[in-house]
Structures are given as structure tokens and as C-alpha cells.
Amino acid sequence: MRKKNYPVLVVEDDPVTRRLICKTVGGAGYDTAEAENGKIAQEILKNSCFPIVVTDLMMPEMDGLELCRWIRSQRNAHYIYIVVLTARDSTEDVLKGFETGVDDYLTKPFNHAELLARINTGMRIIGLERSLKQAYREIKALSIIDSVTGCYNRRYLEEKLPAEIKRAQRYGRDLSIVMCDLDHFKMINDTYGHQVGDMVLHAFASRVQNVIRKDIDWMARYGGEEFLIVLPETNVENAAKKADMLRRMIAENRIGVSERDQIFITVSFGVSGLSGKIGCENVVASELIGDADACLYRAKTAGRNCVIKAS
Ligand SMILES: [Mg+2]
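As the structure is a computational prediction, the values presented were derived from the model and not from experiment.

Calculation criteria
Every chain is numbered independently, its residues counted from 1 as its sequence is written. The model is predicted, so local features are restricted to residues of pLDDT at least 70 and side-chain atom pairs to those at 80 or more, both for listing and for counting; the totals for chains, interfaces and linings are taken over all residues. The term nonpolar core refers to a group of buried residues, namely Ala, Val, Leu, Ile, Met, Phe, Trp, Tyr and Cys, whose C-beta atoms join them within 7 Å. Each residue is classed by its C-beta neighbour count within 10 Å, where at least 20 other C-beta atoms makes it buried, 12 or fewer makes it exposed, and intermediate counts make it partly exposed; the C-beta atoms are placed from backbone geometry. We call two residues in contact when their backbone-placed C-beta atoms lie within 7 Å. Each domain's extent is set by a domain assignment, obtained either automatically or from a database. Runs of H or I in DSSP of at least four residues are treated as helices and runs of E of at least two as strands, each being numbered from the N terminus. Arc definition: it is the arc formed by the directions from the helix axis to the C-beta atoms. Each pair of strands is called paired provided DSSP finds at least two bridges between the two strands. Where helices are involved, their axes are fitted lines through C-alpha atoms of the stretch in contact, as for all axes, and angles between N-to-C directions lie from 0 to 180°. Here a crossover is taken to be right-handed if, once the strands point away from the viewer, the path from the first strand over the helix to the second is traced clockwise. When describing relative orientation, an angle under 35 degrees is termed roughly parallel and one over 145 degrees roughly antiparallel, while 65 to 115 degrees is termed roughly perpendicular and anything else oblique. Each residue gets one of three labels, nonpolar for Ala, Val, Leu, Ile, Met, Phe, Trp, Tyr, Cys and Pro, charged for Asp, Glu, Lys and Arg, and polar for the others, Gly among them.

## A closer look at the nonpolar core
One finds V178, M219, L228, I229, F269 and V271 to be the most contacted residues of the largest nonpolar core, which totals 44 residues. Aside from chain neighbours lying at most four places away, what touches V178 is I229, L231, A239, A243, F269, V271 and A292. With 27 residues, the next largest nonpolar core counts I21, L67, Y81 and L85 among its residues.

Structure (C-alpha cells):
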């Protein structure tokens, strides 16, 4: 029989009952593991993932309720669905179980089909939880990416840059930012249309992203044709050198936008940063961006296609 997705942990001190449960659950195609009390179950759960736990209540060492309480106190990556099997069927016990975090219960002696039906319900809930989490991760990833250029967006920048600055300040490290603006970009849009304009923005962003340090430097679209590159562990001097390397790379390589058309673009750069050594403990993101922006403005008035760094 084809194995089903999620394995089941069976916790029961009576060996005959335990074997019976495993036979029923295993016979339905689920992988199973066994534990003879809560303590052993705890050790198993610390090392492997069991989305469904079927547990007895009365056991030596650690009983079912205590195990349940422990599971709920953990920060598990995924929800664990707990089904309690008990010989006691007083309302009080059942209520106590639910309060502790039990999801479902069955009284012994159990009916095999009913046990499987309840495990299937648990599987359905686990499956839903996982697809929700997956959807959340995908939405989160999309929400920080600029759809035109494929680099990070302004929202990510506003969240991440202050954190980068704080980290650099705490450990006394250098950090630089480079503000870039495509020269005469409006002319490209006016001459070739916005679709070509978008292609140029995309080409610029990917060229830059290909040459900055992977997993260390990052780039975000600040707005329109403006981008910001963040260079941790880099002083302003070296950031300006890197910016000039980018400037040359962009200016010397045409961007093909159709079979016929290739576009030359140039870019202006403004560089600012914090020094890990002196007086930058209270600098905030807006000041750093303001400095880079002022340098960028000077680069524009100096004739564009150049790099100006903050002194
Ligand atoms: Mg027992």
C-alpha cells in the first residue's frame, strides 16, 4: 500500500493495545512510531516531526495530559493534532483534556473504523494548516519584491535598512548605501514607450544584482528610476569605487530591447555611509538616504554619468 503523507506517533503503555492501534493505523497506510509513555514520546518528538499523536491518558512516568501540555508549550514549526484514547469516559476527564489542548478523543475499547476516521480528520486539518502556511510564505515573498525589476521594493527597504544600520552601529561596522538614478530616463519612455522603459529598468537591476556580493549586498527600487544599493561592511571610499565600476559597466554595455533596438543608458550615483569607528551611533536611515540623495543631486548637476560620495 502507498504510504500516506504524515506519520502517526502512538503513545500507550499497554503493549497489546499499542500493537493493536499501530496495526490499525499502519494497515491504513500511515507510518507509525511507538512510545510506551509520555516521557519517551517527548524524546521522539524532540527529534522528529509527527503531525498526529494518538495517546493514552493513564501511563507511568508521564501521562497523556502532561504530554499534551508539554506539546502545546513548545514552539513547533507545525501544528500537532492530538487524539486521546481513554478508558475513562467521564465528562470531567474529557473536558480537562480539551482544556489542555487535546483535539479529539475516543474511549476504549475503540472501534477501528472510528479511530481511522478521527485520524483522517486530523490529517485534513494538518493538510489545511500546511497549505495556509505555504500560501502565507508565498504572499510574504511576493510582497517584498518589485514586480517590474525583480529586486526588493520600497517596503522591504523601509523595513530592512534600519535593521542593517542598527546592526552596523551595535558592532561598530562600516555600512554604505548607493543611490542610483538612470539618466534621462523620461526620454526612453517618451521615445520607445513604457514597456521598453520597464525592460531597461529590469536590465539595469539584474546587471547590478549580478555583480554585487551575493547574500550580503542587496538592492531595492526606491521609486521610478531610482534604486538604492546597500553595502554592509563597506566604507564610503570602497562603496564609491564599486559604484564607479557599476557606472562603467552600465555605460559600456548596450541593452537590447528588440531585434532592432539597443539602448545606451548612463546612471548617476550618490554614495553615503556610516563609519564603524567614529560618531555614527545615532545616524538613522532617513539621514543616510538624505546624504546619498544630496550627492546624487550633485552628480546630476555635475553632468550625470558620475559618482559623488559624501565627505
Ligand atoms: Mg494506560
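Now that the structure has been shown, the text picks up again.
## As for the domain arrangement of the protein chain
For the protein chain, the domain assignment lists domain 1 (8-142) and domain 2 (154-309). On a C-alpha basis, the centres of domain 1 and domain 2 stand 53 Å from each other.

## Notes on helix α3 (residues 64-73)
The complete set of buried residues in α3 reads G64, L65, L67, C68 and I71. Across the axial projection of α3, the buried residues extend over an arc of 160°, all falling on one side. Lining the buried residues of α3 we find β1 (8-11), α2 (38-47), β3 (52-56), β4 (81-86) and α4 (91-100).

## Regarding the sheet that holds strand β12 (residues 307-309)
Spatially, β7-β8-β6-β11-β12 is the arrangement adopted by the five strands of the open sheet, whose pairing is mixed. Every other strand in the sheet has two partners, leaving β7 (218-223) and β12 as the edge strands with one partner each. Between one strand and the next, the sheet's axes are offset by a mean angle of 20°, whatever the strand orientation. Note: strand β6 (residues 175-182) against strand β11 (residues 267-274), eight bridges, orientation antiparallel. By the bridge assignment for β11, L182 is matched with V267.

## Remarks on unusual backbone geometry
The amide bond that connects K108 to the next residue, P109, takes the cis arrangement and shows omega of -5°. Its location among the elements puts P109 in the loop between β5 (104-107) and α5 (112-143). Positive phi, normally seen in glycine, also occurs at E61, with a value near 70°. As for its position among the elements, E61 is in the loop between β3 and α3. Located in the positive-phi region is H184, a residue other than glycine, with phi close to 45°.

## Description of the pairing of β4
Judged by how many residues are buried, β4 sits mostly within the fold: six of six residues are covered. Neither face of β4 is open: one carries Y81, V83 and L85, the other I82, V84 and T86, and all of them are buried. Where β3 and β4 come together, five bridges link them in parallel fashion. Residue I52 lies in a different strand from β4, and its bridge partner there is Y81. Between β3 and its parallel partner β4, the chain crosses via α3, and the hand of that crossover is right-handed. Alignment of β4 against β5, held across four bridges, turns out to be parallel. Bridge pairing in β5 places V84 opposite Y105.

## Things to note about the environment of E129
Along the polypeptide, E129 turns up in helix α5. By the C-beta count within 10 Å, which is 14 here, E129 ends up partly exposed. A C-alpha to C-alpha distance of 27 Å links E129 and I40, two positions 89 residues apart in sequence.

## Some points on the packing of helix α7 (residues 185-192) against helix α8 (residues 194-211)
In helix packing, the relevant descriptors are the interaxial angle and the interaxial distance, both defined with respect to the helix axes. Close contact between α7 and α8 brings their axes to 7 Å; oriented N to C, the two are set at 140°. When the axes of α7 and α8 are compared, the pair comes out oblique. In contact with F185, I188, N189 and Y192 of α7, α8 contributes H194, V196, G197 and V200. A class-by-class count of the residues in the contact of α7 with α8 yields five nonpolar, three polar and no charged.

## Quick look at the sheet that holds strand β2 (residues 32-35)
The sheet built from five strands is open, its strands ordered β2-β1-β3-β4-β5 with parallel pairing. Either end of the sheet is taken by a strand with one partner, and the two such strands are β2 and β5. The sheet shows a mean angle of 20° between the axes of neighbouring strands, direction not considered.

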